[in-house]
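Observations on chain architecture
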Amino acid sequence: MKVVLFCGGFGTRLREHSEVVPKPLVEIGSRPIIWHLMNYYAYFGHKDFILCLGYKGELIKQYFLDYNSYLYRDFQMERGGAKLTPPESDIADWTIQFVDTGLHSNIGQRLLHVRELLEGEDMFLANYSDQLSNYPLPELISFHRKKNMVASFLSAKPAQSFHQLEVDDHGVVTKFGAAAESDYWINGGYMALNQEIFDYIEEGDELVEEPFNRLMAERRLGSVKYTGFWASMDTFKDKIMFDRMHGRGECPWEVWSKGSGEQGQ
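Now for a look at the structure at hand. These numbers were taken from a predicted model, which means no experiment stands behind them. (Residues numbered from 1 in each chain as written. Predicted model: local features only at pLDDT ≥ 70, side-chain atom pairs only at ≥ 80, totals over all residues. Heavy atoms only, no water.)

**Digging into the overall build of the protein**
Cut-off, in case you're wondering: The helix count covers DSSP runs of H or I at least four residues long, the strand count covers runs of E at least two residues long, and both are numbered beginning at the N terminus. Buried means the residue's accessible area, taken with a 1.4 Å probe over protein chains only, is under 20% of the maximum for its type, while exposed means over 50%, and partly exposed covers the values in between. In this description, contact between two residues means that some pair of their heavy atoms is separated by no more than 4.5 Å. Note on areas: Shrake-Rupley with a 1.4 Å probe; residue coverage comes only from the protein chains shown.
The number of helices and strands found in the protein is eight helices and 15 strands. In the protein, which comprises 265 residues, the proportion classed as buried is 45%. Taking contacts inside the protein between residues at least 6 apart in sequence as the whole, the part at least 24 apart equals 74%. Only carbon and sulfur atoms are counted for the fraction: they give 48% of the accessible area of the protein, which is about 13800 Å².

**Examining the sheet that holds strand β7 (residues 95-100)**
Rules: Strand pairing follows a simple DSSP-based rule, namely that at least 2 bridges must link the two strands. Axis lines are fitted to C-alpha atoms, over the contacting stretch for helices. Their N-to-C directions set the angle, which ranges from 0 to 180 degrees.
Taken together, the seven strands give an open sheet; going across it, the order is β7-β4-β1-β8-β13-β10-β14, and neighbouring strands pair in mixed fashion. At either margin of the open sheet sits one strand with a lone partner, and together these are β7 and β14 (221-225). The average angle at which neighbouring strand axes cross in this sheet is 25 degrees, direction not considered. Pairing of strand β10 (residues 151-156) with strand β13 (residues 186-194), which is carried by five bridges, proceeds in the antiparallel orientation. Across the sheet, the residue bridging to S152 is A192, located in β13. Along the sheet, helix α3 (residues 57-65) makes contact with β1 (2-7), β4 (48-53) and β7, crossing β4 at roughly 150 degrees.

**Considerations on the pattern of salt bridges**
Heads up, the condition is: By definition here, a salt bridge exists when the distance from a side-chain nitrogen of Lys or Arg to a carboxyl oxygen of Asp or Glu is within 4 Å.
Scanning the entire structure with this criterion turns up nine salt bridges. A salt bridge links D93 to K47; the nearest nitrogen and oxygen atoms lie 2.5 Å apart. Remark: K47 occurs in the loop between α2 (33-43) and β4 and D93 occurs in the loop between β6 (83-85) and β7; sequence separation between them is 46 residues. Classification of D93 by relative accessible area gives partly exposed; the value is 44%. Taken together, the salt bridges that share partners define one network made up of K23, D130 and D234.

**Remarks on the nonpolar core**
The following threshold applies: Nonpolar core, defined: a set of buried Ala, Val, Leu, Ile, Met, Phe, Trp, Tyr and Cys residues in which side-chain atoms within 4.5 Å join the residues together.
One finds L5, Y41 and L51 to be the most contacted residues of the largest nonpolar core, which totals 47 residues. Not counting the four nearest positions on each side in its chain, Y41 is found in contact with V3, L5, H46, F49, L125, A126, N127, L137 and Y190. By size, the runner-up hydrophobic cluster in this structure holds 23 residues, among which are I107, A151, F153 and M191.

In short, geometric facts, not functional conclusions.
See the structure below:
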């Protein structure tokens, strides 16, 4: 099953890094977030990727053109480098199509731009490329098929980063502390889409606005709630959070290294 990754945004809320590299190349540890995300999909058997490029897309191309997995893993070298063990790259069985979908295109238009590459695919996966999770992906695919949806996505609860307080009529703070868990859900960015989605996208449409609202009116838009690990990289604070987790060896999204989750379609 093909995986469409939207990699063309400006990443303005992560300006400390996105002015130098596009958001998908912002690193967690020594690897960019897009590598982590693609490994997640590959773990579940989905290794055919379409990268919808835009802002600084040439840097994403260059990253993979220069890719050398031996810089990041243990290996044995013999005969001055003529023989390396293990012999293959850790992305040797991936197929990646790089497509310039425009500098200022929105998500809906980027998807329309790669429509021809998805011909023959009754169903495909898509992602915003700036969030990570350990969600068991086959469950979303199963839900999507069973419910006969045109589009389905993972729902997640955003992390609370504010304090909750109460102030009386005299301006005196009477309560101050950590905010309670949020009672609302957001689109977690992990999507399953049928070929029919293109019938709902018009020129200029943003994917999750007009098309999703049309689907919702027909009860063809679905979602699965997930309370496990999910986090996005929107701001510099998020980048620091991911780096600290990686530094502590607490990387729940690395399902490929832990053997957690359920492989399959």
